[in-house]
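# Chains, contacts and geometry: an overview
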There are 2 protein chains.
Amino acid sequence: MKSYRHPALRSVTLPVVMQALSDPWRLKIVRLMLEAGDRAFTCSDVPMDVGKATRSHHFQVLREAGLIRMRPVGNTCQTTLRREEFEKRFPGLLAMVAAYKGRR
Amino acid sequence: MKSYRHPALRSVTLPVVMQALSDPWRLKIVRLMLEAGDRAFTCSDVPMDVGKATRSHHFQVLREAGLIRMRPVGNTCQTTLRREEFEKRFPGLLAMVAAYKGRR
DNA sequence: GTCGATGTTCGATTTTCTTCGAACTTTCTC
DNA sequence: GAGAAAGTTCGAAGAAAATCGAACATCGAC
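One structure accompanies this document, and this report is about it. (Residues numbered from 1 in each chain as written. Chains lettered and ligands numbered in written order. Predicted model: local features only at pLDDT ≥ 70, side-chain atom pairs only at ≥ 80, totals over all residues. Heavy atoms only, no water.)

Residues and elements named next belong to chain B. Interaxial distance between helix α2 (residues 24–35) and helix α3 (residues 52–64) falls to 10 Å at its minimum, and their mutual angle equals 65 degrees. Taken together, α2 and α3 sit at an angle that is classed as roughly perpendicular. Crossing handedness for the pair α2 and α3: right-handed. Taken together, the residues of α3 that come into contact with α2 (itself represented by W25, R26, I29 and V30) are H57, H58, F59, V61 and L62. A class-by-class count of the residues in the contact of α2 with α3 yields six nonpolar, two polar and one charged. (Axes fitted to C-alpha atoms, helices over the stretch in contact; angles between N-to-C directions. Helix = DSSP H or I, 4+ residues; strand = E, 2+ residues; numbered from the N terminus. Parallel < 35°, antiparallel > 145°, perpendicular 65-115°, else oblique. Left-handed = near helix turned anticlockwise from the far one by under 90°. Contact = heavy atoms within 4.5 Å. Nonpolar A, V, L, I, M, F, W, Y, C, P; charged D, E, K, R; others polar.)

Residue and element names in this part refer to chain B. Given a rise of 1.5 Å per residue, 13 residues ought to cover 18 Å, and the 18 Å separating the end C-alpha atoms of α3 matches this to within 8%. Buried within α3 we find R55, H58, F59, V61, L62 and R63. On the buried face of α3, the contacting elements are α1 (14–21), α2, β1 (68–73) and β2 (76–81). Looking one or two residues past α3, G66 carries a phi angle of roughly 80 degrees, positive in sign. (Expected span 1.5 Å × (residues − 1). Buried < 20%, exposed > 50% of the residue type's maximum accessible area, 1.4 Å probe, protein only.)

With an RMSD of 0.0 Å, the operation that places chain B on chain A is a rotation of 180 degrees combined with a shift of 0.0 Å along the axis. Put plainly, the chains are arranged around a two-fold axis. When each C-alpha of chain B is compared by its distance to the rotation axis, M18 of chain B comes out closest, at 2.4 Å. (Least-squares fit on C-alpha atoms with pLDDT ≥ 70 in both.)

A word on the protein's contact with DNA strand C. Near DNA strand C there are 26 residues, and of these H58 of chain A together with Y4, S44, K52 and S56 of chain B occur at the shortest range. Per the 4 Å cut-off to the protein, sugar and phosphate atoms form 73% of the nearby atoms of DNA strand C. Here T54 of chain A contributes a side-chain N or O atom positioned 3.2 Å from a phosphate oxygen of DNA strand C. Take K2 of chain B: an N or O atom from its side chain is 3.1 Å from a phosphate oxygen of DNA strand C. Every element with two or more residues in the surface near DNA strand C is listed here: α2 (24–35) and α3 (52–64) of chain A together with α3 and β2 of chain B. (Near = heavy atom within 4 Å. Polar contact = N/O pair within 3.5 Å; in protein donor to acceptor, adjacent residues only side chain to side chain.)

Core analysis: the largest hydrophobic core is formed by 66 residues, its most contacted members being F90, L93 and V97 of chain A together with F90, L93 and V97 of chain B. Discounting residues that sit within four places of it in the chain, L93 of chain B has contacts with M18 and M96 of chain A together with L14, V17, L21 and F86 of chain B. (Core = buried A, V, L, I, M, F, W, Y, C linked by side-chain atoms within 4.5 Å.)

Tallied over the entire structure, the rule returns four aromatic pairs over all chains. Ring plane angle 40 degrees and centroid distance 5.0 Å describe the contact between F86 of chain A and F90 of chain A, whose orientation is recorded as tilted. The class of F90 of chain A is buried, set by a relative accessible area of 1%. Centre to centre, the rings of F90 of chain A and Y100 of chain B are 5.9 Å apart; their planes meet at 20 degrees, and the pair counts as stacked. Pair noted here: F90 of chain A is in the loop between α4 (83–89) and α5 (93–99) and Y100 of chain B is in the segment after α5 (93–99), and the two residues belong to different chains. An aromatic cluster is defined as three or more aromatic residues linked by ring pairs; in this entry it consists of F86 and F90 of chain A together with Y100 of chain B. Over the ring of F41 of chain B we find R39 of chain B, and its NZ or CZ is 4.2 Å from the ring centre. (Phe/Tyr/Trp six-rings, centres within 6.5 Å; stacked < 30°, edge-to-face > 60°. Lys NZ or Arg CZ within 6 Å of the ring centre and 35° of its normal.)

Moving on, we get to the protein's contact with DNA strand D. Looking at DNA strand D, there are 26 residues lining it, with Y4, S44, K52 and S56 of chain A together with H58 of chain B nearest. Among all atoms of DNA strand D positioned within 4 Å of the protein, those belonging to sugar or phosphate total 73%. Taking C43 of chain A, its main chain carries an N or O atom lying 3.4 Å from a phosphate oxygen of DNA strand D. Breaking the surface near DNA strand D down by element, the ones donating at least two residues are α3 and β2 (76–81) of chain A together with α2 and α3 of chain B. Ranked by residue count, the leading element in the surface near DNA strand D is α3 of chain B, at four residues.

Listed below in C-alpha cells is the structure:
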C-alpha cells in the first residue's frame, strides 16, 4: 500500500469541505463513520454502487478535505474520521452532518 | 421584476446546500448577510468581480438551496437570509459558516 | 415617452466533477 | 511462487457547473 498525504487542517478551506460533502456518496461515507463511533473502515467496507476506481477517488477527496485519515494496513486502507482536529477547525459541522435526516 | 420561487426547506437536501456553499462567491454572500444581521441586500450590493449574469446565477443557486429569500422591490431584488427556517432544517450550519475564519 | 439602472434569460465556451475500464502494485494465502 | 484481493493510477468519456456577452424586460427619474 501507498502512504497517504494528509493536509494540515489549518490549510483546509470551507469551500473545499463543502465541495467534499456535496456528493451523496461522500456524505454517506462520513455519516456512516459518524454513526460508527471510532471504528475504522476499509474502502470496501462502505457499500457503494460504483467501481473501485471511483471509490478510491471519493476517499481521496475526503482525505484532501481533512475529513478522514487513511492508514495502510496490510493491503487495506484503515480509514477513520479526523474528529477532534476537524471539530476544532470547523466547530459544529460534523454534529450538523450527523443530525441531518434526509429529505423531509 | 420577476417573482421568485422559493423551495420549502423540507425539500432541500444537505448535498444541495453543501454544493451551494462550496463556491467562494456564494459563501461570501452568505457570510456578508450573516454579519449584517437582518439588513436586506440587493444583488449589486454585494461586491463581486463577475459579470451580472454570473451574479444573478449565484443568487439563484443560493435561493434554490433555501438559503436566501428574494423579493422584487422596484427594479431591485431585496435579498435576506432565511435564518430561522434554515436553522430549523440544518441546525448549526449558519453558525458554523459565521464562525469560519478563512485559511489559517 | 425616453433613458439609465437593475436584473433575468439565452446560448456558447471553458472548466471542473464523476465515472469507468484497464493496467499496475502490494500484500495475503495456499 | 502462483493466484486472488485491495487499492491506486492513468487516460478518456460524459455530465455538471461557472462564466461571459448579448438581448431582453421592468422600473424609476427626468
